[in-house]
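Results of the structural survey
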Amino acid sequence: MIITVTLNPAMDKTMVIDGIEIGEVNRADSVRNDIGGKGINVSKVLKSFGTDSLATGFLGGIMEEPFRKELMHLGIEDRFISIKENTRTNIKLVDKKHETNTDINEPGPMISGAELEEFIRFYERTVDEGDIVVLAGGLPPNIPLNLYGRLTRLAREKGALVVIDAEGEPLRYALVELPDMIKPNEKELASYLGKEALTEEEIVQAAQSLVEKGIRKVLVSRGEKGSILVTGKSILKGKGLEVQVKSTVGAGDSMVAALVYAENEKLSDSETLALAQATGAAAVATEGTKACTREEVEKYLAAAREKIEEVKK
Ligand SMILES: Nc1ncnc2c1ncn2[C@@H]1O[C@H](COP(=O)(O)OP(=O)(O)OP(=O)(O)O)[C@@H](O)[C@H]1O
Ligand SMILES: [Mg+2]
């Protein structure tokens, strides 16, 4: 079973406005509400690949019902823990006139000690040998920063695989427990190493040293520059694909879904990277917060395969 964990999900409200005026009453031309959060986005993309997953985390307040309804509608198994405070709404303002995207993100609800314990008990009961657990995204404000570390250890003790897509302290704590796979972007990896930016060589070196420590697959995404996959067997570079960029929202999450799918289907390293690259491209070619479709991914797969080269050690 694939289990995605989204501890601080959000209703993503996208409003399209033709020229925002600050301090005035503005009228939206269109509005979309999408359930979001990194783990949920991974579940959505997996679903479009025909792969089922169970989604958990925290949900509460006025958004709880619409959120659960949508999960059901999408065919994602909803095992979210109910909480007292409100799940957040993140607002995305798309200004057609000024061609800008403005995001306003809420911090998210406070989680009580009892709610956190309930989640951990559920997690311990549910995660089983052979499962793939995806821990993705930031934490609600009062959650201990070492939680991903604890969840990684618990899952590994059960014989499950763990995939991490996080940054900052939560990532640092998780890495201590040696998850099986990680997908940092270039910036997140640089910040983990205490640097501003990394050259391609430095990315390869950093990924190799993580693999030597025991992380099986390190996939570093680099936006339009593509990505680098380092495993115990190979060092592969995928050059960026040419795509008409509609929205980069969720490109990284889509890539995580591809990494999970590839693991589940036991694809080779080069096929894993090709699928990850094609999925990233399909995500950026897809409008707004919508999940990319399998058909869209298939369109980029041949080009993605051609862009892969081995990096000499
Ligand atoms: N402008 C782009 N052109 C082509 N491909 C892109 C572009 N941006 C992203 N991608 C594809 O998507 C992948 C993931 O993008 P990116 O490195 O930006 O992830 P991220 O920073 O983790 O994103 P997220 O905001 O979803 O967390 C890239 O490796 C690449 O394959
Ligand atoms: Mg990311």
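An account of the accompanying structure is given in this report. (Residues numbered from 1 in each chain as written. Chains lettered and ligands numbered in written order. Predicted model: local features only at pLDDT ≥ 70, side-chain atom pairs only at ≥ 80, totals over all residues. Heavy atoms only, no water.)

1. Section: the overall build of the protein
Stated formally: Counting from the N terminus, the helices are the DSSP runs of H or I reaching at least four residues and the strands are the DSSP runs of E reaching at least two. Atoms counted for the radius of gyration: C-alpha only. Globule rule: 2.2 Å times the number of residues to the power 0.38. Between two residues, a contact is recorded if the distance between any of their heavy atoms is within 4.5 Å. Methods summary: accessible areas were calculated by the Shrake-Rupley approach with a probe of 1.4 Å, and residue burial reflects only the protein chains presented. The charged-residue count follows a simple rule in which Lys and Arg add positive charge and Asp and Glu add negative charge, with His and chain termini not counted at all. A charge is said to be at NZ when it belongs to Lys, at CZ for Arg, at CG for Asp and at CD for Glu.
Along its length, the protein carries 10 helices and 15 strands. Relative to the 2.2 N^0.38 estimate, which gives 20 Å for 313 residues, the radius of gyration of the protein is 19 Å and therefore close to what a compact globule would have. Projecting the C-alpha coordinates of the protein onto the three principal axes gives extents of approximately 60 × 45 × 40 Å. Of the contacts made within the protein by residues no fewer than 6 positions apart, 67% connect residues no fewer than 24 positions apart. When the accessible area of the protein is evaluated, it comes to approximately 14900 Å², of which 48% is carbon and sulfur surface. Separation of charge centres in the protein, based on 41 positive and 51 negative side chains, amounts to 2 Å.

2. With respect to the packing of aromatic side chains
We count it as follows: A pair of aromatic rings is counted whenever rings of Phe, Tyr or Trp (Trp by its six-membered ring) have centres within 6.5 Å, and the orientation is called stacked for planes under 30 degrees apart, edge-to-face for over 60 and tilted otherwise. Only protein chains enter the area calculation, which uses a 1.4 Å probe; residues under 20% of their type maximum are buried, those over 50% are exposed, and those in between are partly exposed.
Counted according to the given criterion, the structure contains 3 aromatic pairs. Consider the rings of Phe58 and Phe119, whose centres lie 5.4 Å apart with planes at 55°: the pair is tilted. Of the two residues, Phe58 is situated in strand β4 (residues 54-60) and Phe119 in helix α3 (residues 113-126); the sequence distance between them amounts to 61 residues. Judged by relative accessible area, Phe58 falls into the buried class, the value being 1%. Since its relative accessible area comes to 0%, Phe119 is described here as buried. With a centroid separation of 5.9 Å and 40° between ring planes, the pair formed by Phe119 and Tyr123 is classed as tilted. A residue pair is termed a helical-turn pair when its members lie 3 or 4 positions apart in one helix, as Phe119 and Tyr123 do in helix α3 at 4 residues. One aromatic cluster is present, formed by Phe58, Phe119 and Tyr123 through successive ring pairs.

3. Focus: the sheet that holds strand β3 (residues 30-36)
We count it as follows: Here a strand pair is declared whenever DSSP counts at least two bridges between the two strands. To get an axis, fit a line to the C-alpha atoms, keeping to the stretch in contact for a helix; angles then go from 0 to 180 degrees between the N-to-C directions.
Pairing in this open sheet of 4 strands is mixed, and the strands run β3-β2-β7-β8 from one edge to the other. The open sheet is flanked by β3 and β8 (100-104), the only strands paired with a single partner. Averaged over all neighbouring strand pairs, the angle between strand axes comes to 20°, with direction disregarded. Relative to β8, strand β7 (residues 88-95) runs antiparallel, the two sharing 5 bridges. When the sheet's bridge partners are listed, Ile91 is paired in β8 with Ile104. Of the strands in this sheet, β2 (10-17) and β3 touch helix α2 (residues 64-74), which is tilted by about 80° from β3.

4. Remarks on the nonpolar core
The criterion, for reference: Nonpolar core, defined: a set of buried Ala, Val, Leu, Ile, Met, Phe, Trp, Tyr and Cys residues in which side-chain atoms within 4.5 Å join the residues together. An automatic or database domain assignment supplies the residue ranges for each domain.
The biggest cluster of nonpolar side chains holds 47 residues, and the ones touching the most others in it are Phe58, Phe119, Tyr123 and Leu135. Here this core takes 6 residues from helix α7 (residues 200-213), the largest share from any one element. Residues lining this core come from more than one domain, with at least three contributed by each of domain 1 (1-19 + 29-165) and domain 2 (180-313). Counting 35 residues, the second-largest nonpolar core is a separate cluster that includes Val45, Leu241, Val297 and Ala304.

5. Digging into the site of ligand 1
Heads up, the condition is: The criterion for a residue being near a molecule or strand is simple. One of its heavy atoms has to lie within 4 Å of it. Nitrogen and oxygen atoms within 3.5 Å of one another constitute a polar contact, given that in protein one can donate a hydrogen and the other can accept it, and given that sequence-neighbouring residues count only through two side-chain atoms. Think of a 1 Å grid over just the protein atoms. A cavity is a set of points where a 1.4 Å probe fits yet cannot get out, a pocket is an open set with protein on both sides within 12 Å along at least five of seven lines, and lining residues have an atom within 4 Å of a point. For this analysis, a molecule is said to be in a pocket or cavity if more than half of its atoms are within 2 Å of the grid points defining it. Polar here means any residue outside two lists: the nonpolar Ala, Val, Leu, Ile, Met, Phe, Trp, Tyr, Cys and Pro, and the charged Asp, Glu, Lys and Arg; Gly therefore counts as polar.
Surrounding ligand 1, one finds 20 residues, the nearest of these being Lys38, Asn185, Ser221, Gly223 and Gly252. One nitrogen or oxygen atom from the side chain of Asn185 is found 2.8 Å from an oxygen atom belonging to ligand 1. Between Gly252 and ligand 1, the recorded distance is 2.9 Å, taken from a backbone N or O atom to an oxygen atom. The fraction of the free accessible surface of ligand 1 (630 Å²) that becomes covered by protein chains is 84%. Placement of ligand 1 is best described as lying within the largest pocket. Of all elements in the fold, only β13 (226-231), α8 (251-264) and α9 (269-284) reach the threshold of two or more residues within the shell around ligand 1. Per element, the largest residue contribution to the shell around ligand 1 is 4 residues, and it comes from α8. Residue composition of the shell around ligand 1, grouped by class: 6 nonpolar, 9 polar and 5 charged.

6. Examining the pattern of salt bridges
Applicable threshold: We define a salt bridge as a side-chain nitrogen of Lys or Arg found within 4 Å of a carboxyl oxygen belonging to Asp or Glu.
Under the criterion given, the structure shown has 22 salt bridges. Across the pair Glu169 and Arg172 runs a salt bridge whose closest N-O atoms are separated by 3.4 Å. Of this pair, Glu169 and Arg172 both sit in helix α5 (residues 168-176), separated by 3 residues, roughly a single helical turn. Where Lys225 meets Glu186, a salt bridge forms, and the shortest distance between an N and an O atom there is 3.0 Å. A residue pair is termed long-range when its members are at least 10 positions apart, and Lys225 in the loop between β12 (217-221) and β13 and Glu186 in helix α6 (residues 186-192) qualify at 39 residues. Judged by relative accessible area, Lys225 falls into the partly exposed class, the value being 42%. Since its relative accessible area comes to 17%, Glu186 is described here as buried.

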